[in-house]
Amino acid sequence: MAEPLSSLIRPELGPVLPSFARFAPPPPANLVVAELEGRSNPGDVVIDLHGRGGWIARAAIGRLRRSLTYESSALTRLLAEVVLRPPDIRHLDAAVNAMAVQPRGDVGLRQALNDMFASSCPTCGRTVVVDEFIWDGDADAPFRKSYRCTTCRDQVGGGEHRTAPTDAGDAERARSLPARGAAWASLLARFPSPDGEDTLATSLLDLYTPRSLVAIEAVLERLDVDLRAAPIEAALRLALLHVLLPASKLNSYPGRVAALRISHGRVRTPGERQWREHNPWHLFEEGCRLVRGFVQRLEATPGGPVQARLGDDLLALLDGSANVALRRGSPALRRNASALPDPAQLAEAVAPGPDGRPRVRLVLSQPPVRWTVENLSFAYLATSITLGRDATAELPLELLVGPPPRSEWGWEAATLRRSLAAVAPVLAPSAQVVVMLDPGGAEGLVAGALGAVGAGYRLVGALLTEGDDVIGGTLEFAPPGASAARGPRTRANVPLREIEPAPGDDDRDGGTDAAASFRLADVERAVTEVAVEVLRARGEPARFERLLGEVLVGLDRLGHLRRLVGTRTYAETEARSARSAAAFGLVGERAGTAGSPDDAGATATAAEPSEPSETAVADDADDRADRPREPSGSTPPVGSSDGLRSPAQAPADSPVVPSGADHVELLLELVVGELRRPDHTRLVELEPGRWWLRDRRDLESAALPLSDRVEWAVFSLLSTSGSMAERAFYDRVAHMFRGHDTPDEALVQACLESYRGAGSTADTLRTDDDLQARSRQHSELVGGLVEYGHRLGLRCWVGRTEQRHSYRGRPLSDLLSEPEQRAYLPLVSRGDVDALEETDVIWYVRGKAALFFEVEWTAMIAEPLLRRGQRIPTEDGVVRFLVIPPERAELVRFKLARSPLLRRVMEDDNWHILKSDHLRTLLELEDVGLDGWAPFLGLDPEIERSGEQLALFG
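What you are looking at is a predicted structure, and each value in this text was computed from that prediction instead of being measured.

(A) The arrangement of the overall build of the protein in detail. Looking only at helices and strands, the protein features 38 helices and 27 strands. Counting every position in the protein, which comprises 954 residues, the buried fraction comes to 57%. Total accessible area on the protein is roughly 39,000 Å²; 49% of this is exposed by carbon and sulfur atoms.

(B) View of the nonpolar core. One finds I47, Y457, L548, L667 and F729 to be the most contacted residues of the largest nonpolar core, which totals 118 residues. For this core, the element with the highest residue contribution is helix α21 (residues 520-538), accounting for nine residues. Those residues in contact with L548, other than ones at most four positions away along the chain, are A442, L445, V446, L464, L668 and V671.

(C) Representation of unusual backbone geometry in the model. Y253 connects to P254 through a cis peptide bond whose omega is -10°. By the secondary structure assignment, P254 is in the loop between α10 (230-244) and β9 (262-263). With a phi angle near 55°, H264 is a residue other than glycine that sits in the positive phi range. Relative to the assigned elements, H264 resides in the loop between β9 and β10 (266-267). Despite not being glycine, N910 has its phi angle at roughly 60°, a positive value.

(D) Just the confidence of the model for the protein, in detail. The pLDDT averaged across the protein works out to 82; a share of 81% of its residues lies at or above 70. Confidence, read as mean pLDDT per element, is least for helix α26 (residues 641-644) in the protein (31) and greatest for α10 (96). Low pLDDT, under 50, characterises residues 486-516; the stretch is placed with 60 contacts to residues that sit more than four places away or in other chains. Segment residues 581-660: pLDDT under 50, and 157 contacts once partners within four positions in sequence are set aside and those in other chains are kept.

(E) Layout of the sheet that holds strand β14 (residues 360-365). Strand order in this open sheet of eight strands is β12-β13-β2-β1-β14-β15-β17-β16, and the pairing throughout is mixed. The open sheet is flanked by β12 (310-311) and β16 (458-464), the only strands paired with a single partner. With five bridges joining them, strand β1 (residues 45-51) and strand β2 (residues 66-71) adopt parallel strand pairing. Paired with V46 across the strands is S67, a residue of β2. Where helix α17 (residues 409-423) meets the sheet, its contacts fall on β1, β2 and β15 (432-437), and the angle it forms with β1 comes to roughly 155°.

(F) Fine view of the packing of helix α31 (residues 745-755) against helix α36 (residues 889-898). Axis separation between α31 and α36 bottoms out at 9 Å; the angle between their running directions is 160°. Taken as axis vectors, α31 and α36 run roughly antiparallel relative to one another. Once α31 is placed against α36, the crossing between them reads as left-handed. Side by side, α31 and α36 meet where A746, L747, A750, C751, S754 and Y755 of the first sit next to L891, F894 and R898 of the second.

(G) Representation of the packing of α10 against helix α11 (residues 280-300) within the structure. Close contact between α10 and α11 brings their axes to 7 Å; oriented N to C, the two are set at 125°. In terms of their interaxial angle, α10 and α11 are classed as oblique. You can see that α10 and α11 cross each other, and the crossing is right-handed. Contacts between α10 and α11 pair A235, L236, L238, A239, L240, H242 and V243 from the former with P280, L283, F284, E286, G287, C288, L290 and V291 from the latter. Its residues assigned to classes, the contact of α10 with α11 shows twelve nonpolar, two polar and one charged.

(H) Structural detail: the sheet that holds strand β19 (residues 683-687). Here three strands make up an open sheet; going across it, the order is β18-β20-β19 and the pairing antiparallel. Two strands bound the open sheet, and with one partner strand each, they are β18 (542-543) and β19. Here β19 runs beside strand β20 (residues 690-693); their pairing, made up of four bridges, is antiparallel. Bridging across to β20, E685 finds its partner in W691.

(I) Quick look at helix α14 (residues 373-387). Given a rise of 1.5 Å per residue, 15 residues ought to cover 21 Å, and the 21 Å separating the end C-alpha atoms of α14 matches this to within 8%. With respect to burial, α14 is a largely interior element, 13 of its 15 residues being buried. G388, located one to two residues past α14, shows a positive phi value of around 105°.

(J) Broad picture of the layout of surface pockets. Quantified by volume, the second largest pocket comes out at close to 980 Å³. Considering the residues around the second largest pocket, the lining is formed by 40 residues, among which A21, R22, F23, A24 and N375 are closest to the centre. Breaking the lining of the second largest pocket down by element, the ones donating at least two residues are α10, α14, α17 and β15. The class makeup of the residues in the lining of the second largest pocket is 25 nonpolar, eight polar and seven charged.

(K) Local environment of the environment of V833. Secondary-structure assignment places V833 in helix α34 (residues 833-838). On the accessibility criterion, V833 (29% relative accessible area) is partly exposed. Each C-alpha atom of the pair V833 and R871 lies 9.1 Å from the other, and the pair is 38 residues apart in sequence. With sequence-adjacent residues up to four places away left out, V833 is seen in contact with Y824 and P826.

(L) Quick peek at the pattern of salt bridges. Throughout the structure, instances matching the rule amount to 66 salt bridges. E81 is the partner of R85 in a salt bridge, and the nearest nitrogen-oxygen pair spans 2.2 Å. When its relative accessible area of 22% is taken as the criterion, R85 is described as partly exposed. As a salt-bridge pair, E863 and R868 come within 3.8 Å of each other at their nearest N and O atoms. You can call E863 partly exposed: its relative accessible area is 32%. Note on R868: relative accessible area 13%, which makes it buried. Because the salt bridges share partners, they merge into one network encompassing R190, R222, D224, D226, R228, E233 and R237.

(M) Quick look at the pairing of β20. Relative to β20, β18 is paired through two bridges, and the arrangement is antiparallel. Opposite A542, over in β20, you have W691 as the bridge partner. Taking the residues that link successive antiparallel strands as the turn, the β19-β20 hairpin has two residues, and the phi of G689 there is positive, at about 85°.

Calculation criteria
- Per-chain numbering applies: the sequence of each chain, read as written, is numbered from 1 onward.
- The predicted origin of the model limits local features to residues at a pLDDT of at least 70 and limits the giving and counting of side-chain atom pairs to 80 or more, whereas totals for whole chains, interfaces and linings rest on all residues.
- Where side-chain values are given, they derive from all heavy atoms of the structure, hydrogens and water being excluded.
- Think of it this way: any DSSP run of H or I at least four residues long counts as a helix, any run of E at least two long counts as a strand, and we number them from the N terminus.
- Burial classes follow relative accessibility: with a 1.4 Å probe on protein chains only, a residue under 20% of its type's maximum area counts as buried, one over 50% as exposed, and anything between as partly exposed.
- The Shrake-Rupley method, run with a 1.4 Å probe sphere, supplies the accessible areas, and residue values consider only the shown protein chains as cover.
- To define a nonpolar core, start from buried Ala, Val, Leu, Ile, Met, Phe, Trp, Tyr and Cys residues and group those joined through side-chain atoms within 4.5 Å.
- By definition in these notes, contact holds between two residues if any of their heavy atoms fall within 4.5 Å.
- Confidence scores labelled pLDDT are given residue by residue by the predictor and lie between 0 and 100.
- The criterion for strand pairing is that DSSP finds at least two bridges linking the strands in question.
- Whenever a helix is involved, its axis is fitted only over the stretch in contact; in every case the axis is a line through C-alpha atoms, and angles between N-to-C directions fall within 0 to 180 degrees.
- Orientation labels follow simple angle bins: below 35 degrees gives roughly parallel, above 145 gives roughly antiparallel, 65 to 115 gives roughly perpendicular, and whatever is left gives oblique.
- Left-handed describes a crossing whose near helix is turned anticlockwise from the far helix by less than a right angle; the clockwise case is right-handed.
- By the convention adopted, Pro, Cys, Tyr, Trp, Phe, Met, Ile, Leu, Val and Ala count as nonpolar, Lys, Arg, Asp and Glu as charged, and the other residues, Gly among them, as polar.
- Take the residue count of a helix, subtract one, and multiply by 1.5 Å to get its expected span.
- Both cavities and pockets are sets of points on a 1 Å grid over the protein atoms alone; in a cavity a 1.4 Å probe fits but cannot get out, in a pocket the set is open with protein on both sides within 12 Å along at least five of seven lines, and lining residues sit with an atom within 4 Å of a point.
- Grid points are joined across faces, edges and corners, and a volume is the space filled by probe spheres set on the points.
- Salt bridges are identified by distance alone: a Lys or Arg side-chain nitrogen within 4 Å of an Asp or Glu carboxyl oxygen.

So this is what it looks like as structure tokens:
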């Protein structure tokens, strides 16, 4: 099975309804497809633990997989109905038209609702339907109106929106309806009361005028009464979501629609005094058009239209009677237990298919929805109005009447742990679990890792994206009882076995002894070992986003994460999260009811806290005694034992982190604190958030920089394949670089842009670079530099490997005189003999000056700058030039921008960049001298732009 190449694909979102853009954003469609195709085969079952509208299920059935999906809320379940079974556009249009003409009084629904917004045109006096009225605060009537007049649009003013002051008739219609009539009471009954009173629901309905409430209630009445197909019904209710905020007082004037925010049981109104009363029927029709366009875009996405066959449980998927099973809420809920086979059917559920492969092979999910003030407030309003009281009761309503939700990442870890534990029995040993994280930083990565480890899973891979605003990263796990190994072992895996494990490392089942051996000193030492090994293997500085994932994988492989989930801190945070989740409904059922998480069995029970053994405490204290102490009065580094402890909770050497803290934040502080320890002897932070090696032995054993290896791989693929499709290209790169060596998409794209030929397309990639031609050009530049140096009256040197290359039919060595060939270079400039002899060209005047030239046709500049250049000391009279072709200028710029190490070496060692086309121009000049070189130096030389002169000798 091919490895997924999702790490090298720029995430792209599919069609999104505005109401769900922030509430429950979907996963990037192309990443989901890549994960499905790379980790599963047709006929396999894919489980989505926390669905956000059926997106993963849609991609699965579009590629002949089957999906068991647990939707996060009633609203996302409503969206999934449309995503998985898109209604026919003609049937949707017919349903809207039929609804518009349904009788309401003596006229149709559309006319009845528009009559409440009827007015007269000041220009022609004819009746018009107002789009919106402008109100001033709590006035009893609007003062301005916005409308279109279809009668006089061709005579005066055209068909654009017009605004005019309201008249007496407008004021009379605004006052004609009672403030709290039958429509108000009907809508109020749809809201559950989190505080036992109707104050919150009343304040929400007060955001609407009486006629807006009448219009919304009239639309709901038709939706509740009329019989329609389920996809059509779901589409119309989704269209109603578009009405809710724009029709309220949150639609300020002038300005945009403000977000709904509920805190301490009160609605926070926007600061603008004036607001718009938009015609609800017009908004509903606009919402129908949005849903219609959404459905059209769905059918136009790659894979074409799909039609799900809905089933009830996993067995329906396995016997082929259905290809999607939809559930609502967490897999750990008792009401969802029927979706998974009981023990008597378990053997059948995990039995191999006809081809001998187990069917339940992949769990692909996003993390649980994180409830914020805005999305919870909107969910409360939208679910109550569109779906009713029972569906809304599953939301964490207590958060609305209390303080704003606390951002405790332990909640996410606890919810994910319960979900993974619930589905673990039906996963095949070879199954893979992938969680695509939301943007938001490192906390989500740590929370996901700890949640899965707490459920008995093994962390296989962890990747935190750098600066991407679509997806925050990915986590990959192996189910309980399976090996964590995936594919060939990489260089970073081997040294981890050499780190001395703490007691209990070989006990994967955990227990009191293993939990008691959790020691901060062991974790800190492991963090350093893993980070150093990753940096050595990558061969270049790495950002924290890249290091964190590998550190977590290493900590899990060494057993430290398993021990952490057995500590008192994890148990208390888990128990607190479980209580909060049950009380607030985060898992979909209320506390104290049948089927609540407290009754769900072991999957919802937090681990019992374990006390540290005296031996563990003593060993930890001994380990810390060997470390240099901070000066008196200094602040301990974040993540050290002193930085983690609370004076009233734990002694300085306690292996147990303080009670009541969030274990996700504490582990993150521990990792960051160890990386940033001021007295660190093996790591150095070159710039905020980017680390490199400090110890000389580690530097000497470091591999070639990953960016240079990726560049050479890109050139090799393009030059040897003849032509290949862009997708096949990324697939090959993904197979060549795995684990910690996985390059980011920006690096691969930069290399591809530098080497792709002028005639390349997405289906046919080729390069214009020819290795033999580049070698000849290299020899010509070297020979030209030697001849130019002799014209200046300087002695020259040509690198040992270059001397045998041909220049104008003769070896380059023939350009050197006998004294130059026998020169002892350490007398020319101090430095390593081998490094001096391998330099492409040296101009020198013994005892006075030396000019070094490194001629490259690639952007692989780490070898001349770091490996050779660093072995030649910088001193007065030493000037260095890096000659590159103009086609590599942007790639060199990219590498310098992402590597503080290269930038520092360029500045400290007096390097100057000279493009090869400008060098040829200089070599052809009749006037001999270095005075005219300054305008030709740099990635953006003055010869190519206007600007100040660049100094030759820095």
